[in-house]
Structure formats: structure tokens, C-alpha cells
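# Descriptive analysis of the structure
Letter by letter, the chains look like this.
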Amino acid sequence: MPFGYGLYAGNQYEGHTLVKEIDKLKQLYNLNKITVVADSGMLNAANCQAVKGAGYDFLLGRRLKNLPQTVKTTLLDKTK
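In what follows, the accompanying structure is described. (Residues numbered from 1 in each chain as written. Predicted model: local features only at pLDDT ≥ 70, side-chain atom pairs only at ≥ 80, totals over all residues. Heavy atoms only, no water.)

### Thoughts on the pairing of strand 2 (residues 57-60)
Every regular strand shows the same layout, with side chains that alternate between the two sheet faces. Selection criterion: Think of it this way: DSSP has to see at least two bridges between two strands before they count as a pair. By definition, any uninterrupted DSSP run of H or I lasting at least four residues is a helix, any uninterrupted run of E lasting at least two residues is a strand, and each is numbered from the N terminus. By the criterion used throughout, a crossover qualifies as right-handed when its path from the first strand across the helix to the second strand runs clockwise, the strands pointing away from the viewer.
Bridge count between strand 1 (residues 35-38) and strand 2: 4 bridges; the pairing is parallel. Counterpart to Val 37 in the pairing with strand 2 is Leu 59. Running through helix 2 (residues 45-53), the crossover from strand 1 to the neighbouring parallel element strand 2 is right-handed.

### Focus on the environment of Ile 22
In plain terms, the rule: Any two residues whose heavy atoms approach within 4.5 Å are treated as being in contact.
Positionally, Ile 22 belongs in helix 1 (residues 18-28). Between the C-alpha atom of Ile 22 and that of Ala 45, which follows or precedes it by 23 residues, the distance is 17 Å. If near-sequence neighbours (up to four positions away) are discounted, Ile 22 is found in contact with Ile 34, Val 36 and Tyr 56.

### What about the side chain of Glu 21?
Counted only if it meets this: When accessible area is computed with a 1.4 Å probe and restricted to protein chains, residues below 20% of their type maximum are described as buried, those above 50% as exposed, and intermediate ones as partly exposed.
Here Glu 21 lies in helix 1. Exposure remark for Glu 21: the relative accessible area of 15% places this residue in the buried category. Setting aside residues no more than four positions away along its own chain, Glu 21 makes contact with Tyr 5, Gly 6 and Tyr 8.

### A look at the layout of surface pockets
Filter applied, for reference: Lining residues are defined by having an atom within 4 Å of a point belonging to a cavity or pocket. Those points lie on a 1 Å grid over the protein atoms alone, cavities being sets where a 1.4 Å probe fits but cannot get out and pockets being open sets with protein on both sides within 12 Å along at least five of seven lines. Grid points are joined across faces, edges and corners, and a volume is the space filled by probe spheres set on the points. Classification used: nonpolar for Ala, Val, Leu, Ile, Met, Phe, Trp, Tyr, Cys and Pro, charged for Asp, Glu, Lys and Arg, polar for all others including Gly.
Reported here for the largest pocket is a volume of approximately 530 Å³. In terms of lining, the largest pocket is formed by 21 residues, of which the most central are Gly 4, Leu 18, Glu 21, Ile 22 and Leu 25. Of all the elements in the fold, those that place two or more residues in the lining of the largest pocket are helix 1 and strand 1. The residue inventory of the lining of the largest pocket, partitioned by class, reads 13 nonpolar, 4 polar and 4 charged.

### Observations concerning the pattern of salt bridges
Heads up, the rule is: Just to be clear on terms, a salt bridge is a Lys or Arg side-chain nitrogen sitting within 4 Å of an Asp or Glu carboxyl oxygen.
Scanning the entire structure with this criterion turns up 2 salt bridges. A salt bridge links Lys 24 to Glu 21; its shortest N-O distance comes to 3.3 Å. A residue pair is termed a helical-turn pair when its members lie 3 or 4 positions apart in one helix, as Lys 24 and Glu 21 do in helix 1 at 3 residues. Lys 24 sits in the partly exposed class, given a relative accessible area of 44%. The partner of Lys 33 in a salt bridge is Asp 57, and the shortest N-O contact between them spans 2.4 Å.

In C-alpha cells form, the structure reads like this:
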């Protein structure tokens with residue numbers, strides 16, 4: 001369930017709004033520890049660096065089809 005959101009122009013790339021929205025939520029809810037969970041739409045070098053630089057914990061998703069075959073095989077192995 002969302003507890004906050006930001007509205008931007010429809011043609012605004014969402015990757016450029018990530019850090020701004022995290023900072024707003026951090027201040028609004030007086031948060032000390034933040035874990036960022038982002039999909040591939042938010043993944044760019046600047047955002048990854050900003051999240052790391054801010055000291056946030058993070059989980060960043062990637063498209064399965066873009067991973068090396070050895071990683072896909074391991075992730076999709078239902079015997080483990």
C-alpha cells in the first residue's frame with residue numbers, strides 16, 4: 001500500500017525523480033533507515049550512485065532476459 005507519491009509531467013523520465021522522492025519521504029516521515037526497491041526503469045548510473053552515496057540500503061531489479069545464461073539458469077532452478 002503506497003504511503004506517498006509524487007506527480008510529474010507525463011513526459012518526465014521517472015529515473016530522474018527517484019532521489020528527489022526518496023528525500024521527500026525521508027523528511028516527511030522522519031525516517032532514519034531507508035531501503036530502496038527499484039525496477040529497471042529507475043536503474044541508471046546516476047541513480048545507482050546517488051542511492052549508494054546517500055547510504056540507503058537497496059534492491060535493484062533487472063530484466064531476467066538481459067542476464068547472462070548462467071545466472072538465469074541458477075535463478076530459475078526449482079530444485080534449490
